[in-house]
Structures are given as structure tokens and as C-alpha cells.
Number of protein chains: 4
Amino acid sequence: MTEEKAFERLLAQEIEVPSWAFGPSGTRFKVFHIPGEARNVWERVEDAALVHQLTGLAPRVALHIPWDRVEDWDRLKAHAEGLGIGIGAINPNLFQEEEYRLGSLAHPDPRVREKALAHVRECISIMETLGSRLLSLWLADGTNYPGQDDFRARRRRLEASLKEVYAWLPEGSRLLLEYKFFEPAFYSTDIPDWGTAYALCLKLGPQAQVLVDLGHHPQGTNIEALVAFLLEEGKLGGFHFNARKYADDDLIVGSINPFELFLIYHELASAEEEGGVAGETVHRVAYMIDQAHVIEPKVEAMILSLLNCQEAYAKALLVDRDALREAQERGDILLAHRILLEAYRKDVGPLLAEVRRAKGVPEDPLKAYREGGYYERAVAQRG
Amino acid sequence: MTEEKAFERLLAQEIEVPSWAFGPSGTRFKVFHIPGEARNVWERVEDAALVHQLTGLAPRVALHIPWDRVEDWDRLKAHAEGLGIGIGAINPNLFQEEEYRLGSLAHPDPRVREKALAHVRECISIMETLGSRLLSLWLADGTNYPGQDDFRARRRRLEASLKEVYAWLPEGSRLLLEYKFFEPAFYSTDIPDWGTAYALCLKLGPQAQVLVDLGHHPQGTNIEALVAFLLEEGKLGGFHFNARKYADDDLIVGSINPFELFLIYHELASAEEEGGVAGETVHRVAYMIDQAHVIEPKVEAMILSLLNCQEAYAKALLVDRDALREAQERGDILLAHRILLEAYRKDVGPLLAEVRRAKGVPEDPLKAYREGGYYERAVAQRG
Amino acid sequence: MTEEKAFERLLAQEIEVPSWAFGPSGTRFKVFHIPGEARNVWERVEDAALVHQLTGLAPRVALHIPWDRVEDWDRLKAHAEGLGIGIGAINPNLFQEEEYRLGSLAHPDPRVREKALAHVRECISIMETLGSRLLSLWLADGTNYPGQDDFRARRRRLEASLKEVYAWLPEGSRLLLEYKFFEPAFYSTDIPDWGTAYALCLKLGPQAQVLVDLGHHPQGTNIEALVAFLLEEGKLGGFHFNARKYADDDLIVGSINPFELFLIYHELASAEEEGGVAGETVHRVAYMIDQAHVIEPKVEAMILSLLNCQEAYAKALLVDRDALREAQERGDILLAHRILLEAYRKDVGPLLAEVRRAKGVPEDPLKAYREGGYYERAVAQRG
Amino acid sequence: MTEEKAFERLLAQEIEVPSWAFGPSGTRFKVFHIPGEARNVWERVEDAALVHQLTGLAPRVALHIPWDRVEDWDRLKAHAEGLGIGIGAINPNLFQEEEYRLGSLAHPDPRVREKALAHVRECISIMETLGSRLLSLWLADGTNYPGQDDFRARRRRLEASLKEVYAWLPEGSRLLLEYKFFEPAFYSTDIPDWGTAYALCLKLGPQAQVLVDLGHHPQGTNIEALVAFLLEEGKLGGFHFNARKYADDDLIVGSINPFELFLIYHELASAEEEGGVAGETVHRVAYMIDQAHVIEPKVEAMILSLLNCQEAYAKALLVDRDALREAQERGDILLAHRILLEAYRKDVGPLLAEVRRAKGVPEDPLKAYREGGYYERAVAQRG
């Protein structure tokens, strides 16, 4: 792709940030309190807006219910819009009530499933109130011990529950179904892999699609290949971007293997260039970040995450895809590989500087953040 | 299940053994020559028959083409039948020709795909000649480097090739589609996981089902859970049993984590007890062993593998499933877990001795093998 | 080993239980409140004593400071002794203060290291007060991002800190140094593997030994082999027993791969039978459980854990080690393997019943627990 | 470091290439014959020399005995020197004889150990003849089944064998001891991890050091951290560079996670800048490539590998280590992380072009190779 066309695409790039990344989060061992972190949903939205203001990349903030529940939704929406951002995906919480000890939508007890369904129902009505089109569903459901529950019975309950949820979806909205290999359930999870999520989405219908979280795979998984598969099938709903070394570490996206991030964006950019299924599909992909900054300053971490995504996308756009296709078809392994490497190595700094100028954001958002005194003010105000 | 009913089931248990496990096999570093190993298909069939004669568990031998190709198929069939066994699944080889360097059914070059298809066509005609009902398809296809080929283009070619194969399937026969996480392709494999195999089988039709090889998963995978999923969907075609510590080590089944083998059989036995989809599905599951004995004596290793499967099945049959269900429904995690543990701990020696008497095989097949002088005779004859 | 000798060994088997397993614990997503769980150190000691009373296996309870800190240590000791148990290892906590965000003994700031050292110093003085001989040291130290800190600088600080700790150790006591592959530090941990712990212990001296937690290894690790290595070198200090499917799941020991637990005990039992280094070493191995029961009843989970260890040890003792050695020396792979399998398959129920009678504990401790009304009383009293 | 100093370091960069990477190699499934690949040691040395001629990075070729054994060693040495390169490490082969089925230096049978020792002895004498200073020792020793052999007995035999080898080492030479997590032994390897290799090297003495192969670790291992540990202890002997996605895939170095390669070089460059142990140690580190190109053209793959190492080293040299240290000491996680990221992102093309001019090699070695007709000539001559 030419730099001109890449420039256009980069101008249009959008990634949702999660409200929960701006408040306290930790490991099972400790929740450290990071100076200046947001104390409530209003401050979380402010931080999200600041991130967008500095990067021009994050025009929406995803909410998590009940953490972000307010009495007056219109006021929250106005608060966000007043700060220049909108509301993105709504994320139900199906893991923090005592009743969910054995699961939520797949729980053996119908009363618990109904409680969970009622919560999802509420989230869908919040979507409608806020004008959101995305229900982002992650389940902590699973088991910790062999024999604890019956896999097939759980599957049937889960499927039945999801069908109820699906029926409630407003027209034009989508259910993004997330999978996770392990944690917090340790022996089995009810949606452990993309295959399970995909199979369930097939049963549900066209408004159900798979959500790929980069940290939810077994070690050694080729994520870019499964992204390509889902694109091809029209079932890639969106991403939860983050990074990990071992498990679901929820680190800054691109901090462990930036080449992998580039390869994922290469699949997306390739699909964008096509007119067929993948091309159409990719335009609906919901790009979202899901991170938990447990020791580092949160706003800065989020800015860095977005910049890493932007850089990866820029490089992916610049892949010489005609030359690549030709090399691939000729079976010229090393030339094909090097065409990707060359794009990955490109210095996209000047191009991104131009994009930022066009967006009216600082050329170096991190420097602007550090020098703008935002952090110090947050510490002073929030303690 | 009562011991009486378990006895009936155990009498009916059948597991195919692979001809290739009786001949030379090794790692990329060395193929050791194990004394007495079979030198040709006739001897491989003899070894398979001996294993069945001593265990009563393996009434069929799977063939691999071209390794087991003969001029006179009728003679091979008669040879097997004369020794008391039949011919099982036919396994095409799509990885040992120079042309397959970049793949077979997903190769970029249509001429290579046609060559591969012609080979599969030949295998299907061998199936018909030999009366086999199973085409067991494993592909070595994949890539070694990012960019080497286009994932989606490969998918399309693979799907088109498989549709051709499917169209050739004789009525009443099945295509068992295997997946593999890695090796011999190291960066990506074209069917890396059960999800991909399942999605392709859905597109192909009811005669296509997924084949689960126990060694073809990333570390930490809960295999029993995905077996349950495939059973529930009517898409579990069969197994390639073996064991591994790290990769696809092809060790004796049950030698690394026998509890996992038991848990897999527990899913199968649970489904057998039902009248619905899973119950019907499970009766068609093709049980097969796929092992490569690289340092140990091959016939003895195969006998041990079969006995480990028999023991795991016996214990799984004896799970008190009514009590289990009740504990699961009550959310009594530890009672449910212990009901499995108790069945796993059961001494099924007396029950299996009875089964062997009823089958007319030695009560201790390994002892009978060691004391019967089979190994010494094989060494003397085959060198 | 004969059953008579095994009986003697089983009578002498002792495993410490951790006080913290009886109180609330959870994942980063949720701490579920399990009915009847202990609310303070007095109740935790009572639960530990109950576990010992029912199993005869757990004569000591390990403490965690500050969770178990009391004003009057003599009263706590008397409380435990009055209930029939003693105090075991003392575990400092170097991860729950805000200052430990970047580490404790390896922290870049000397003031934080001094704080951490002062805490360890206090723990050593508690050891002396309570008559404990074991300081069990686990560090959460590490980094989350490439570049966050200098690996070698951290190593030097850690080594210097540990040397201070070592110098404070009372005569006859030991420092058990734990390693952990990941979590809560996600990019690097300062003691990631047994090799690092071993190298540090070598530098410290004979009172420092390695502590093996079964959940702290990368997937695919052969734990029994590294146990053998540490035994051979006289550096196996002890165990934190538990189980896991993927990460450090802290599940009931033996619940995922009981064969692995048996293989570990086989190494220990083999070393016990020898007169040399390993034989002497093994008699000092501190057997401890470290689990976090996040969804299941805690006392019952602990009883099951101990019984699983007892069963594994019983089977390991019964391995025919003379026959095994002979088969190994002859290179008879399958006979040697089967000798282990045969011991693993043995029904040790009658032997363990005898052991329990001799210890004066119920023959079925789990049944006795369930029928004894302990759980109901705890729920009633503790809510 | 300034670009001027980096330039000097880059001029001095040297990486050994392995003779075996230029001849046929494959997986257990197939050895593909790559057009133009070297047919004998003379051609392998020619290919190595060509790689050096085009890159200026590989002044020595490592040999593998017996694959590279010739009658007239002086002639081979002269052949290499005539082509502008020298002979590097000598690699004994302890896995390709039938006798090594159960191991070599740790084999239960003393006659096999003696055979293996005699082979190593021969390799040491070849070292002396050829003026090599490095014995690079990798063992395929291990077991495939629980119980197959006694871990501690194997350890004792291995240690005794290594002590014999060590005693034979000529003054000034080194034994580089490699470890490997798995393969070709599948249940246990006798030197599975750096900890075992390190412990053995400590026992042997100062001429024994650890060899790190990038593909020989469990998934999720932080290799740069263990490199730092070995540097700090003066026990880092050298590298076998390559890359992998899952197991020991022996792919082109830098092809899967180039950031990890950079992080490893960052540790090396940091240690170089110091005057203490690590600084001294690093100057003796033997940089070697160990790859198996199973589907791609071999000379080109090797050139790309070297260029990837050169690029990673250049970027690592340019890290602003003073700023990094300051950020680390202040606990400024994100600044420290970004200082690494910034160096990683640097366009080192101009600097490397200058280095290549100074070395008198083509500015684009891959282009020069492709356009120089080398491949076509090799195909024509070698078939």
C-alpha cells in the first residue's frame, strides 16, 4: 500500500479503551494503589478522554457493569461526550457475586443462571440507553476439579443461556463472545478456545461473533493464523489487545513480542484490502484494549499501548502485498518472509507524525503526557 | 454401572492398531533398529495379529499408503483374515514426496494439490477393495516462517481439496480429519486445532468427523473437555491414542498421565450410557492407536498400550454415574471429584481377568508374550 | 520394600499444613467466602488440628507472618499444643505492603530492602520463640516489562539480602528457598527456577536448601527428575505440595496427575533406602502443603490432599526396587516401566487401613469428617 | 553507546556457522532435498566461506564429527583458510550409533560409555590438530518412560564421564555444555535445563561453561534473564542461535520474536560495557548458529540469520544505558521500558551499511547473493 493510502487508514484507526484499566487492579497477591489512579467511573471516563485527546486513537470507552453503573446514565453519556469521547462496548460481570462460585450462564442451578441472565439483560438495556452496539461477553465459568461437573451438561446450559441473550440483542448490535484457556477456573473453562466460541456463535446467528483476547491462548498458539481463519469465516468480532509472557498477564500490548502484533495487523490489513468476505468482515472488527496495569502508571501505560497498536498497523499497511503474493505463489519462502520483515523494520515515525498532525494531537503523545503535568495533577487531586 | 454390564462392554471393546508401529521409526536424530521388528507389510500384519491373539482387543490393523501398498490386495486381506484380523482405517501419506515441501492439499501449486488428491483417490479405492470404511487423513501442511504463505489462501485451497475428497467417499464410509498443533510445520499448521477440523467437517457434511490424537495439543489442554464437546455435537470421529510429556512424542498410551486417559474414557462411557446424540455418536467412534516406538520393543509396547486402554475403560465404566450426577447437581465439588477418584482407584484386575477368560486370551498378555518366545523367534527370523 | 517396612515408614509420615489454606483465598477476580472457613489464626490452628486428628498425618501447622501474627506467641503455641499439633515453618510475607511494588529483597531502593530484611528478621525471632526450625522464603520479586530493571543488579541485591538473612539463621535451622516461574511478576521473576534457587543456596551455605512447589514450573517440566537431582546434591529442602493444570493453580495435591505425584514419591522412597547422600538428605526433607482452596470446602480439601500424599507414598514404598534396578541395568525399558506401573496400580487400601488403626485415626477420614458434623458446626459457629 | 563506539563493536562481531546447516536436514517425517545444498564437508566449508565473504560476520565454521571427518585434516584446514575462514567448535556426535539407544555418557552399560568417551577423545584430538579451542557438547541422553532408568544413577555416570572429558581438555580450551528440555528423549533428558548444566560445570572447573541454545527451553522461559545470570557468574560459554515457535524448531534466528533476540543482545552489550566479571566473561562468549533449514535454501537462510544477529546487536549497542540505569534506579518502569523500545525501533540501516563498507562486503548481502548467481551455480554443479 502506498503511504498516502496508509495515511488515510491510519486517520481512521480507532481502538476502544476499557474504563477498568484506569482504576485499581492487581494480582491475587496484592492490589497496589498507583498514585493518581481513577477512583470512580467519572474519573475513569476522564482518563479515557485524556488518552484520546493525546493520541486521537481512542474515541470510545468500554464500560464494565456493575463497576461503572451510575444512577443517571444520561449524565454519564453527557460527561463522556463533553470530554470528546463516546461509550463503547458494555461488559457484564458474571464472576463477582457469591452465587457465581460454580459458574454463571452454565451454573448447575437454574436460579443462578437466571440471575446471570437478568444481569446480562440489564446490560443490554444499558447498551440501548447509551447507544452502544456491542455486548462483550466473557465468562469465568468452568471447573477446578475432574468430575466437579458434567462437561456436556454445562455446554447445554451455556448454549441455552446464550440463546436467550441472543434473542434480546437489539437490531444492529452484536454479541462478542470471548474465550479463555484458563483462569479463574483452573481445570476446565466452558469456552476454552476460539473453536468453542466459534461453534457457539454459529449456533446463535450472524449477530454473534468471536472476541480474541491476545492473552487467552495456550503457549505456542499462532494467533495470527486463527485471526485469519475467523476473518475468512466472517466471525471475527473484535479484539481485546494486551500482551503476556506466560498466562493472561494483561500487560501493555506489544511489550513482549511486537512482531506478533505486527503479524496480526498484517492479517487485518490484508483482509481490508480485499473486497470479499474478509474485507467486509474486517470493517466491523471491534478493536479494544483489555489490560490491567498492576504496577505501572495507568494513563501512560494506555497511551503506550495505543501507540504500539498504531505503529504495528502502520507497518502492516506498508507491506508490499503484491510482491508478497507473488513470492508466496512462487514458493519463494525467504523472499516472502523478508517482505514482511522489511515492512516491520520500516521507520514509520515520519508517517505517524504526519497522522498526528492531521489529527491535531501531539507528535509525541507520551512526552506531551509527561510534560503536561497531567500525572501530577491527578496525584494531587486523587491522592 | 454394574460389573455385569461393564463386563459386556469390555467384551465389545475394540481398538485398531497401526501397521506402522511394528516397523522402524525414529526421531529426526536417529532411527534405531529394534531387534525383531517387522520388515514388510506381511510381517506388520503378523505382529498386529499376534497382538490381537494375546489381548483380544485389536481385531483390525490400520494401513498406511504407500508404506503398506502391495500388488495383490486380496492376498493381503486374506493374509490378515487368515491370522484372525481385519483391515481398518486407510491412511494416505501426504508428506513424503519431494513435491510436498510446501504442503499437499493446501499447496500453492495446483499440480501438487492434484498429485495429493490423486493419492487420496487411490487410497479411497484401496478402502473399497479392502472393505474399509475409514479414511484417516492427517496433513503435514503448514508453514515455517511468517509470510511464507497466505493463511486464507491456504484455507481456501484446503477446503476445496477436502470437498473433492469428500465427494469421493463411498456411502457408509467416513473421513476422519486429524488436527495437529505443530510439527513438521513449525510456524503454522493448516489444521492446528480441533476447532479448525470441526469447522471444516461442518462444511463437508455428516461423513466428515474429527480425529483426536492425544499428542496433538498445546500444553495444558483439557482433552477430555473437547472430547465431550465433539461427542455432544456428533462430530467425534475417532482417536489416535498415545501419550506425551511435551510435544507429539507418540509414547505408549497411559504412560505419562493415566488419570487423563481415564478421564477421557469417562466422557466416552458417560456418553455411551445416554440415548441421545452423544450416545449414538459414541458407538461410531473409531478407537485407534498411533504410536512410534523408537527405543522399545514394538509388539510388547503395543500390548501394553492396549491393556492400558482396557484398564482405563474398565474403571470408567465403573464410575457411579448416578451418584456423580447427583453430587454435581448439588454442587458438591469434592464428593463429585472423589466419585471419579474412587473409580480410578478400583482394582479392576479380577474383572479384566474374567474378560480375558471369556475372550479366550491369556490372563496376563504381557507375561504370555514374554514367555511365549515370540520375541526370540522374531529376532531369529527377522534379525 | 516389604509391606511390614512400608507400614513403619507410613507410620512416620508427616506433612505440614499451612494455616492460610483454612482462611479466605481467591483469584484476582473474586474471593469467595466458603461457609465455615476460619476467621482468625486461632480457628486456622483448630482446623489444622482437626485435620491431624482425623488423618494422623499433619502434626504441624505452618504460619504466615503477618497473617498469623498474635500478641502472645506463647498462648498460640499452647493453643496448638493443646490441640495436639506443633508449629512448623515460618513464612514471611514480602509482597503485601505498598513498598513492595517493585520487589522486596531485590528492590532497587535500599530502604525497601531494609524493610523487607527487618520483616524476615522478625520472622526468625518468631521462629525462635515458637521453636520452629524452618524459614520458608518465597519472593514475589521480579519485573513486568523488558527493561524495567537490570537483571544482574537485582541478582546482586538479592544475593546480598539473602546473605544477611542467612547470617541470622539460628543453629540447626534451615532456610528453604522457593522458586517460581511466573506470577505475580509476569515478565521475569528473580528466582524463576530450581537452578537459580540452587545456585543461591550453594553460595549461602549448608543451612540453605531448595523448596520445590509443584505448581511453580513451566509446562512439561519433569519434576521428579529435578527432585532426584536435588536429593543427589543434598539440596532438597522441602516441598510445597499442590496440583495444577496450567499455572500455579494451588489445587488439591494429586487431583490432576496422581501418577506424577507417585513418581515424585518414588524418588523420595528410593533415596530413603540408600545410606549415602540422598538417604541422609531425604530424612531432612520438609513435607508441606501449599494450597489455596478457592471454591471448595477447606478442611475437607486438606484431608483429601493428605490422603493423596499418603496413598502415593504407600505405593512408592511398595515398588520392587531390586527388580527395578536389575531391569534398568539390563536396559529392559518396558519391564522397568511396568514395575513402576504395577506398584502404582496396587490397592493400598488395606495397608492404609492398618496404618490408620495403628495411629488411632478413623479408617476413612473423609467419611468421619462428613459424618462427624464438623462442617455443620463450623458453619454454625463461624457463619 | 555512541554510534562511533557501536561501529567499532560491530566491526568486531563474529558468529560461527555450523557446517551441518549447509547439508541435508529434515524432520522425522521427511528430509527434503534442497537444490544446490552441499554434498560433503568440502562443499559445506565452501558455503560457510561464501556466507562470510558476503557478510563479514562468520569467520569460522563449526564441525560435527563424524559428519565432517576427513582423512587429511591439514587439507581441510588449508581448504578453509584458502577460502578465508577458520575452523571453530568441534561437535562430537553421541546419538547416531545403534549403541546409543539408551544414552551415551550416561548409558547404563560401561562399554557404551567408553565408546562415547573414546569418540569425545578423538574429537579433542581433532580440536588440537585443527587449532580449535572449543568442544561443544550436546547429549541426546535421557529416557522415554517413567522407570526406564534411575535418574540419580544416570547423573553419577554422566558426571564421571564428564570429569574424564574435562581432564583431557587442552590448556586454553573450553568445554561448552549444552542443555535441552526435551527431544529426542521424551520423558527426561539428562541435562534438561541451564541449572543442570551450570551445576555440572561448577563441578568440572573453570574450563567448563554453559551453552545456551535458544530453542532448548520450555515455553514461556525468559532467556535473557538466564543469560544475565550466567554472565554474572562467569559461566556463559556461548550460544547456539536459532528460533522456534513451539519446540526446538531450529528456524532462522530472529524469525519468530526479534524483540527477544534484541533483549538477549542487550544483556550481552550491557555486560560488555562493564569492567567486572560480566564484562570479562562476555568477551569469551562463543557466538554460534545452530539451525536446520528443512524447506528453505540454506545459504540464504544463513545469511539472513547472521544479518538478524547483526541488526539485533547494533540496536542493543545503541541503548542509552546511562538513562536506562537512572530510570531503573528511580523505579520509572515505563521510561525504562521505553528506552529499550526506542533503541529497538532505531533504523540501524545506515550504521550497518557503514560497517559493511568498512568490512568490504556488499551493503545488501542478500541481494548480492541473489544477484551473484551463487545459487544457480550451486544447483548446476551439485544438482
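Provided above is the structure to which this section pertains.
All values derive from a computational prediction rather than experimental measurement.

## So, the packing of aromatic side chains
Here is step 1 of the chain: The tally for this structure, following the rule as stated, stands at 88 aromatic pairs over all chains.
Here is step 2 of the chain: Ring centres 5.0 Å apart and planes at 50° place the aromatic pair Trp194 of chain A and Phe229 of chain A in the tilted group. Within this pair, whereas Trp194 of chain A is found in helix α6 (residues 194–204), its partner Phe229 of chain A is found in helix α7 (residues 223–232), the two being separated by 35 residues in sequence. For the pair Trp194 of chain A and Phe229 of chain A, a shared accessibility class is recorded, and that class is buried.
Here is step 3 of the chain: Each residue in the set Phe181, Phe182, Phe186 and Tyr246 of chain A together with Phe181, Phe182, Phe186 and Tyr246 of chain C is aromatic and connected to the rest through ring pairs, giving one cluster.
Here is step 4 of the chain: The side chain of Arg377 of chain C reaches across the aromatic face of Tyr374 of chain C, ending 5.2 Å from its centre.
Here is step 5 of the chain: Over the ring of Phe229 of chain C we find Arg155 of chain D; its NZ or CZ atom is 4.5 Å from the centre of that ring.

## A few points about the relation of the copies chain A and chain B
Here is step 1 of the chain: Between the two copies, chain A and chain B, the superposition gives an RMSD of 0.0 Å; the rotation angle is 180° and the shift along the axis is 0.0 Å. Such a combination of rotation and displacement between the chain copies is what one expects of a two-fold axis. Closest approach to the rotation axis within chain A is made by the C-alpha atom of Gly195 of chain A, at a distance of 1.9 Å.
Here is step 2 of the chain: A share of 100% of interface residues in chain A that are also interface residues in chain B marks the association as one of identical surfaces.

## Some thoughts on the interface of chain C and chain B
Here is step 1 of the chain: Between chain C and chain B, the residue contacts involve 34 residues of the former and 34 residues of the latter.
Here is step 2 of the chain: Of the roughly 2700 Å² buried between chain C and chain B, counting both surfaces, carbon and sulfur atoms make up 56%.
Here is step 3 of the chain: Interface area lost by chain C to chain B is led by Lys245, Leu334 and Arg338 of chain C, which between them contribute 21%.
Here is step 4 of the chain: Our count for the chain C to chain B interface comes out at six salt bridges.
Here is step 5 of the chain: Ionic pairing is found between Glu311 of chain B and Arg345 of chain C, a salt bridge with its closest N-O pair at 2.7 Å.
Here is step 6 of the chain: On the surface where chain C and chain B come into contact, there are 15 residue pairs in polar contact (both at pLDDT 80 or more).
Here is step 7 of the chain: Elements represented by at least two residues in the side of chain C that touches chain B include exactly α8 (258–272), α10 (298–317), α12 (333–345) and α14 (365–371) of chain C.
Here is step 8 of the chain: Partitioning the side of chain C that touches chain B into residue classes produces 15 nonpolar, eight polar and eleven charged.

## A closer look at the environment of Glu300 of chain A
Here is step 1 of the chain: Relative to the helices and strands, Glu300 of chain A resides in helix α10 (residues 298–317).
Here is step 2 of the chain: In sequence terms Glu300 of chain A and Lys367 of chain A are 67 residues apart; their C-alpha atoms lie 9.8 Å from each other.
Here is step 3 of the chain: Among residues more than four places away in sequence, those in contact with Glu300 of chain A are Leu366, Tyr369 and Arg370 of chain A together with Leu334 and Arg338 of chain D.
Here is step 4 of the chain: A distance of 2.8 Å separates the side chain of Glu300 of chain A from the side chain of Arg338 of chain D, its partner in a polar contact.

## Observations concerning the interface of chain A and chain B
Here is step 1 of the chain: Between chain A and chain B, the residue contacts involve 52 residues of the former and 52 residues of the latter.
Here is step 2 of the chain: Overall, the association of chain A and chain B removes approximately 4200 Å² of surface from exposure, summing both partners, and the carbon and sulfur fraction of that is 58%.
Here is step 3 of the chain: Residues Glu232 of chain B and Arg156 of chain A are paired through a salt bridge, measuring 2.8 Å at the closest nitrogen-oxygen approach.
Here is step 4 of the chain: Between chain A and chain B we count 18 residue pairs in polar contact (both at pLDDT 80 or more) in total.
Here is step 5 of the chain: Elements with a minimum of two residues in the side of chain A that touches chain B: α5 (151–168), α6, α7, α8 (258–272), α11 (321–330) and α12 (333–345) of chain A.
Here is step 6 of the chain: Of the residues forming the side of chain A that touches chain B, the biggest block, seven residues, is contributed by α6 of chain A.
Here is step 7 of the chain: The residue inventory of the side of chain A that touches chain B, partitioned by class, reads 24 nonpolar, 13 polar and 15 charged.

## Comments concerning unusual backbone geometry
Excluding glycine, residues mostly have negative phi values, and the peptide bonds linking residues are mostly trans.
Here is step 1 of the chain: Following Ile65 of chain C, the chain continues into Pro66 of chain C via a peptide bond in cis, with omega recorded as 15°.
Here is step 2 of the chain: Within the secondary structure, Pro66 of chain C is located in the loop between β2 (60–65) and α3 (73–82).
Here is step 3 of the chain: Cis rather than trans, the peptide bond between Glu183 of chain C and Pro184 of chain C has omega equal to 5°.
Here is step 4 of the chain: One non-glycine residue, Glu183 of chain B, lies in positive phi territory at about 80°.
Here is step 5 of the chain: Looking at where Glu183 of chain B falls in the secondary structure, it is placed in the loop between β6 (174–178) and β7 (188–189).
Here is step 6 of the chain: Judged by its relative accessible area of 14%, Glu183 of chain B is buried.

Conventions adopted
- Residue indices begin from 1 for each chain and proceed along its sequence in written order.
- Think of it this way: whatever chain is written first is A, whatever ligand is written first is 1, and the rest follow in order.
- For a predicted model such as this one, the threshold for reporting local features is a pLDDT of at least 70, and the threshold for listing and counting side-chain atom pairs is 80 or more; totals across whole chains, interfaces and linings nevertheless cover every residue.
- Water and hydrogen atoms play no part in the side-chain values, which are based on all heavy atoms of the structure.
- Working definition: a ring pair exists when centres of Phe, Tyr or Trp rings (six-membered ring for Trp) sit within 6.5 Å. Plane angles under 30 degrees give stacked, over 60 give edge-to-face, the rest tilted.
- Helix and strand assignments come from DSSP, with helices taken as H or I runs of at least 4 residues and strands as E runs of at least 2, each series counted from the N terminus.
- Between buried and exposed lies partly exposed: a residue is buried under 20% and exposed over 50% of the maximum accessible area for its type, with that area taken using a 1.4 Å probe on protein chains only.
- Two limits define a charge over a ring: the Lys NZ or Arg CZ must be within 6 Å of the ring centre, and within 35 degrees of the ring normal.
- What sets the superposition is a least-squares fit of C-alpha atoms, and only residues with pLDDT of at least 70 in both copies go into it.
- Residue contacts are defined here by distance: any two heavy atoms, one from each residue, within 4.5 Å place the two residues in contact.
- By definition, the buried area sums, over both parts, the 1.4 Å-probe accessible area that each loses when the two are put together.
- What counts as a salt bridge is simple: a side-chain nitrogen of Lys or Arg found within 4 Å of a carboxyl oxygen of Asp or Glu.
- Here a polar contact means two N or O atoms within 3.5 Å. Within protein one must be a hydrogen donor candidate and the other an acceptor candidate, and residues neighboring in sequence count only if both atoms are side-chain atoms.
- Throughout this entry, Asp, Glu, Lys and Arg are counted as charged residues, while Ala, Val, Leu, Ile, Met, Phe, Trp, Tyr, Cys and Pro are counted as nonpolar. The remaining residues, Gly among them, count as polar.

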